[in-house]
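Coordinate analysis (summary)
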Amino acid sequence: MNGSFSCSTRRVSWHEQLLRRRYHVCFSLRRFILLLCAEIRWEEERYTDGSKWRFLEHKGPVFAPPYEPLPDKVRFCYDGESLFAHVFVEKFAKMLDHEYTTKDVFRKNFWKDWRKEITSEEKSKITDLNKCNFSEMSEYFKLQSEARKQMSKEEKQKIKEENERILQEYGFCIMDNHKERIGNFRIEPPGLFRGRGDHPKMGMLKRRIRPEDVIINCSKDSKHPKPPPGTKWKEVRHDNKVTWLASWTENIQGSIKYIMLNPSSRIKGEKDWQKYETARRLKKCVDRIRSQYREDWKSKEMRIRQRAVALYFIDKLALRAGNEKEEGETADTVGCCSLRVEHIKLYSKLDDQEYVVEFDFLGKDSIRYYNKIPVEKRVFKNLQLFLENKQPEDDLFDRLNTSILNKHLQELMDGLTAKVFRTYNASITLQQQLKELSCSDDSIPAKILSYNRANRAVAILCNHQRAPPKTFEKSMQNLQTKIDEKQNQLSAARKQLKAAKADHKASHGDKSKKTVEVKRKAVQRIEEQLMKLQVQATDREENKQIALGTSKLNYLDPRISVAWCKKWGVPIEKIYNKTQREKFAWAIDMAEKDYEF
DNA sequence: CCTCAGACTTGTAGTCATACGT
DNA sequence: ACGTATGACTACAAGTCTGAGG
């Protein structure tokens, strides 16, 4: 382990590692070719055997604090009778303010699971959720949260210190000579599953995860994490083909949850870099692929036509692939390959446009995708063909799924999958927009506005929406008030300047000259402030229903942004906050001002 | 082939902490 | 110094994609 882990030392050594690794790969590549005369794919990987690390040591996860029963007097009412609560009742009571506790599915699932938890005596007594009154508990929780807000500085400080201590102890691991931050070292506490959209499992009980449920992954020669006293791990394994430190199976979907490293870690950063490199390779052959799928629209084979139209949508509209999902297990959402007849409408003429397709479906996280776009005639005719003799609930692309599509893509370019198109189109859009919008005469705030607009174009393309913030209208109003005030200030300042000038004209004194200068500066300052506020207002208004974060974090090659900052003299802090700078440290190190995606 | 577990990325909402104006 | 609005950060759900195994 190196002695120092300060940010800059780490970054430099990482960069060095990148360089060394290239050499290493080239070397082993040559050796492999000599030995095997085999076709080896050149990969940006640290180890050629697919292993992800050599040494991994950590302290294991932090478990949810044990359940502490409420004071005896805090109970819930059943049909007039006062009863003691349990963990899940508590959770239910805490959610009372949310709309979903009124939903049938939520209540039904909660009721079913809750009854499994209670004693037979309680079971015979409590027979109807609607007769339960949790309001007393709910009140108690509200009081508690008030009390927490009112805590003294010392108490708050103490909690903060304790959190920091836990972070220092459990929040880091050592992977191959580097101390790395762990992403989520705390195990999720028990609670009620919510899920998004119309989830059939909402309200079910998420059980507590115990050490006996947890698999630990670390290297053999490391100091193994200790389970809490009196407990055992489910298993300790030493699998260096994976990157996770601990895992367990969650009880709602039966899926596996992992503890992995923070995005600032080498292992995540490298993967991220690789992702953008793949997207850049797509850039080189996207024209070929596009003309290929346009050819395929004419194919005699239905499956090829479907594949080609689907790919066109993925490319043009940045749709997700759309894997099949198990019915009834999750909310009914779709992506490109899983689109159904009911999700599109065709208009040979709409307003003044020809061949318009209207999309209306729920995508990931049950976010609605709604879009009307004119398509080429051939696509339109194909879609009409795909719709023939089908019911609304039938698959639009009945001869296609993601694995067929991805297999095809793999043949077109090594490492190409459906999601690469999203990355590619997002990044190339940002680069294009930045070129178009940036203007050297602009002030820094105006440049940042341009950046945000470019970012926004991408977010719109990727359909990254958000619910308008609850306080949106009010905060807009506040900002407008500020702008008005500033404007008044400005005219006042201008008047003063004018007066000072007149004064100076009359007296020609040194003192009056100074006053003019002072007043001129004041006007300038206020003008600047006003401009800043106006830019802020524009930015906020345009951003009302758009979430920039996801694209910034997952789709935009950070080197584009870094290069843009360098080119236009915008400090990187204006674009990326601290966490983002840590995540994109590799790009901040690598990209020069002439970087091209 | 097909299915499904597994691993890893992407996504929004909500909570928390802090900067800001009063 | 205080309270609130805002951005940072966390939580954890929900996707994508691969590859093992029948």
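Shown above is the structure to which this text applies.
A brief structural summary. (Residues numbered from 1 in each chain as written. Chains lettered and ligands numbered in written order. Predicted model: local features only at pLDDT ≥ 70, side-chain atom pairs only at ≥ 80, totals over all residues. Heavy atoms only, no water.)

1. Some remarks on the protein's contact with DNA strand C
- Taken together, the neighbourhood of DNA strand C is formed by 29 residues, with Arg196, Gly322, Lys325, Lys419 and Thr579 sitting nearest.
- Those atoms of DNA strand C that come within 4 Å of the protein belong to sugar or phosphate at a rate of 89%.
- Interatomic distance of 2.7 Å between a backbone N/O atom of Gly322 and a phosphate oxygen of DNA strand C.
- A distance of 3.1 Å is found between a phosphate oxygen of DNA strand C and a backbone nitrogen or oxygen belonging to Asp365.
- Looking at the surface near DNA strand C, its residues break down into four nonpolar, twelve polar and 13 charged. (Near = heavy atom within 4 Å. Polar contact = N/O pair within 3.5 Å; in protein donor to acceptor, adjacent residues only side chain to side chain. Nonpolar A, V, L, I, M, F, W, Y, C, P; charged D, E, K, R; others polar.)

2. Structural notes on the protein's contact with DNA strand B
- Taken together, 26 residues sit near DNA strand B, with Tyr258, Lys268, Lys364, Arg422 and Tyr555 positioned nearest.
- The sugar-phosphate portion of DNA strand B accounts for 81% of its atoms within 4 Å of the protein, the bases making up the rest.
- At 2.8 Å, a side-chain N or O of Arg196 approaches a base nitrogen of DNA strand B.
- Take His464: an N or O atom from its side chain is 3.2 Å from a phosphate oxygen of DNA strand B.
- Sorting the residues of the surface near DNA strand B by element identifies β12 (256-259), α7 (266-296), α11 (418-437) and α15 (549-554) as the ones contributing at least two each. (Helix = DSSP H or I, 4+ residues; strand = E, 2+ residues; numbered from the N terminus.)

3. Some details on the pairing of strand β14 (residues 353-362)
- Pairing analysis gives six bridges linking strand β13 (residues 344-350) to β14, with the strands arranged antiparallel. Looking at β14, one finds that Leu346 is bridged to Val357.
- The turn linking β13 back onto β14 is made up of two residues, and Asp351 within it adopts a positive phi angle of 55°.
- Here seven bridges tie β14 to strand β15 (residues 368-374), and the two strands are oriented antiparallel to one another. Bridge pairing in β15 links Asp360 to Tyr370.
- Counted between consecutive antiparallel strands, the loop separating β14 from β15 contains five residues, among which Asp365 sits at a positive phi close to 60°. (Pairing = 2+ DSSP bridges.)

4. Thoughts on the state of the cysteines
- Scanning all chains against the criterion turns up zero disulfides.
- You can see Cys132 has no disulfide; the closest cysteine sulfur is in Cys77, sitting 9.7 Å from it.
- By relative accessible area, Cys132 is classed as buried at 12%.
- The thiol of Cys173 is not disulfide-bonded; the next cysteine sulfur, from Cys218, is found 11 Å away. (Disulfide = S-S within 2.5 Å. Buried < 20%, exposed > 50% of the residue type's maximum accessible area, 1.4 Å probe, protein only.)

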